[in-house]
Amino acid sequence: MPVARDGEKPATDADATGEGLPINEVFYSLQGEGTLAGVPSVFVRTSGCNLRCWFCDSYHTSWEPTGAWRDVDSIIEEVQSHEQASHVVLTGGEPLIHEESVELLERLAAEGYHTTVETNGTIYRDAPIDLASISPKLASSTPTPDRDPKGDGEFEEQHEANRIDMDALSQMVDAYETQLKFVVTDESDLAEITDLVDQVRKATSTTVADDDVLLMPEGMTREQLDGTRSDVAELAMEYGYRYTPRLHVDLWNDAPGT
Ligand SMILES: C[S@@+](CC[C@H](N)C(=O)[O-])C[C@H]1O[C@@H](n2cnc3c(N)ncnc32)[C@H](O)[C@@H]1O
Ligand SMILES: Nc1nc2[nH]cc(C(=O)O)c2c(=O)[nH]1
Ligand code: SF4
Ligand SMILES: [Mg+2]
């Protein structure tokens, strides 16, 4: 079913509102990205996002959000049905637009799970998060009219205005163990990345080491990654940042539920 735009719950549209969280999918896979790549994990994907990256690989949580409202008990039950997993990844869409994500994370922590939150870093919430996997969005993510997957650039201005919130980003970096995971489209992204990392270092009391800064090639299919991964690996070496693969794409391409 469709969910409300940007995850809000309008008071008048019964179809678009509900209790708990709008969930797009829950699945068991290997963490494909970042420092925990390869770790068996249950993924909980909420629906709704405050941004609209043109390249979003989760189109049905952002450009056309779909999902079903589910209460926290039923989500926990499904997580626990994957008995081998001790790690849970909360992602989206943007999971931190939803206040109820805090309750879900509290319940997961109480059950002893390691929690990773995949977030664009624009919204801070106080929650038991073991790894904040923050992917701040660069200018190259903005849906200009020529790169809009749906329309003619209607979200360009809103995306551009909201993609970086330095207060929320630095609060998150100070509060949680963090990785900064940048989607790299080409070499021209690197000036913005080094500038952003400098700004975060100035705004926080936490040490952000170069190997907490991850460069991830843009691409939602193996074919697309074939065009970006080698160049991004070279850039990681040149700048001294960490490279992260997209292991799930290498293993399963763009298959659903992976
Ligand atoms: C779908 S997002 C959901 C979490 C959050 N909204 C965010 O952007 O971090 C999950 C991860 O996929 C990354 N991502 C999305 N589309 C991508 C693409 N085409 N190529 C590489 N990474 C992508 C995001 O940057 C983020 O790290
Ligand atoms: N296997 C796998 N690993 C992932 N790491 C972050 C993902 C995400 O969509 O947030 C993701 C995903 O969608 N699949
Ligand atoms: S912030 Fe994340 S979920 Fe939202 S549009 Fe960008 S990649 Fe997709
Ligand atoms: Mg993904």
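Residues numbered from 1 in each chain as written. Chains lettered and ligands numbered in written order. Predicted model: local features only at pLDDT ≥ 70, side-chain atom pairs only at ≥ 80, totals over all residues. Heavy atoms only, no water.

In the nomenclature of an unreviewed UniProt entry, the protein is known as 7-carboxy-7-deazaguanine synthase of Halorubrum trueperi. Quoted verbatim from the Subunit (unreviewed entry) field of UniProt, the annotation for the protein is "Homodimer." (UniProt positions renumbered as here; feature names shortened; annotations may be inferred.)

Participant: Go over the pattern of salt bridges, please, and point to the residues and values.
Facilitator: Tallying each qualifying case throughout the model produces 13 salt bridges. Ionic pairing is found between aspartate 73 and arginine 107, a salt bridge with its closest N-O pair at 2.9 Å. A residue pair is termed long-range when its members are at least 10 positions apart, and aspartate 73 in helix 1 (residues 72-80) and arginine 107 in helix 2 (residues 100-110) qualify at 34 residues. Relative accessible area serves as the criterion here: at 28%, arginine 107 is assigned to the partly exposed category. Across the pair glutamate 192 and arginine 163 runs a salt bridge whose closest N-O atoms are separated by 2.9 Å. Of this pair, glutamate 192 sits in helix 5 (residues 190-203) while arginine 163 sits in the loop between helix 3 (156-162) and helix 4 (166-175), placing them 29 residues apart in sequence. In the salt-bridge network here, residues are joined through shared partners; they are Glu33, Asp57, Glu118, Lys181 and Arg246. (Salt bridge = Lys/Arg side-chain N within 4 Å of Asp/Glu carboxyl O. Helix = DSSP H or I, 4+ residues; strand = E, 2+ residues; numbered from the N terminus. Buried < 20%, exposed > 50% of the residue type's maximum accessible area, 1.4 Å probe, protein only.)

Participant: Please set out the site of ligand 2 residue by residue, giving values where relevant.
Facilitator: Residues in contact with ligand 2, as listed here, are Ser29, Leu30, Gln31, Gly32, Glu33, Phe43, Arg45, Thr91, Glu118, His248 and Thr258. In this structure, a nitrogen atom belonging to ligand 2 sits 2.5 Å away from a side-chain N or O atom of glutamine 31. Arginine 45 is positioned such that a nitrogen or oxygen atom in its side chain is 2.9 Å from an oxygen atom of ligand 2. Judged by the fraction of its atoms near the pocket grid, ligand 2 is located in the largest pocket. Of all the elements in the fold, those that place two or more residues in the shell around ligand 2 are strand 1 (21-30) and strand 2 (40-46). A per-class count over the shell around ligand 2 returns 2 nonpolar, 6 polar and 3 charged. (Near = heavy atom within 4 Å. Polar contact = N/O pair within 3.5 Å; in protein donor to acceptor, adjacent residues only side chain to side chain. 1 Å grid on protein atoms, 1.4 Å probe; cavity = no way out; pocket = protein on both sides within 12 Å on 5 of 7 lines; lining within 4 Å. Sits in = over half its atoms within 2 Å of the grid points. Nonpolar A, V, L, I, M, F, W, Y, C, P; charged D, E, K, R; others polar.)

Participant: Outline the layout of surface pockets, supporting the account with residue identities and numerical values.
Facilitator: As a volume, the largest pocket reaches approximately 1000 Å³. Along the walls of the largest pocket sit 47 residues, with Glu33, Arg45, Asp57, Ser58 and Gly92 positioned nearest its centre. Only strand 1, strand 2, strand 5 (114-119), strand 7 (178-184), strand 8 (213-217) and helix 8 (247-252) provide two or more residues apiece to the lining of the largest pocket. Per element, the largest residue contribution to the lining of the largest pocket is 5 residues, and it comes from strand 1. (Points joined across faces, edges and corners; volume = space filled by probe spheres on them.)

Participant: Explain the UniProt feature "domain: Radical SAM core" (unreviewed entry) in the protein to me, using residue names and the numbers behind them.
Facilitator: Under the feature "domain: Radical SAM core" (unreviewed entry), the UniProt entry names residues 36-254. Summarising residues 36-254: 33% helix, 18% strand, and an end-to-end C-alpha distance of 20 Å.

Participant: Give me the site of ligand 1: which residues, what numbers.
Facilitator: Around ligand 1 lies a shell of 21 residues, among which Phe55, Gly93, Ser135, Lys137 and Gly219 are the nearest. In the environment of ligand 1, a nitrogen atom lies 3.0 Å from a nitrogen or oxygen atom belonging to the side chain of glutamate 218. Out of a free accessible area of 540 Å², ligand 1 has 96% covered by protein chains. In this structure, ligand 1 is accommodated by the largest pocket. (Areas by Shrake-Rupley, 256 points an atom, 1.4 Å probe, with all protein chains shown as cover.)

Participant: An account of unusual backbone geometry is needed here, citing residue identities and associated values.
Facilitator: Look at the link from glycine 92 to glycine 93: it is a cis peptide, with omega at 20°. Notably, asparagine 253 is not glycine yet its phi reads approximately 55°, a positive angle. As for its placement among the helices and strands, asparagine 253 is situated in the segment after helix 8.

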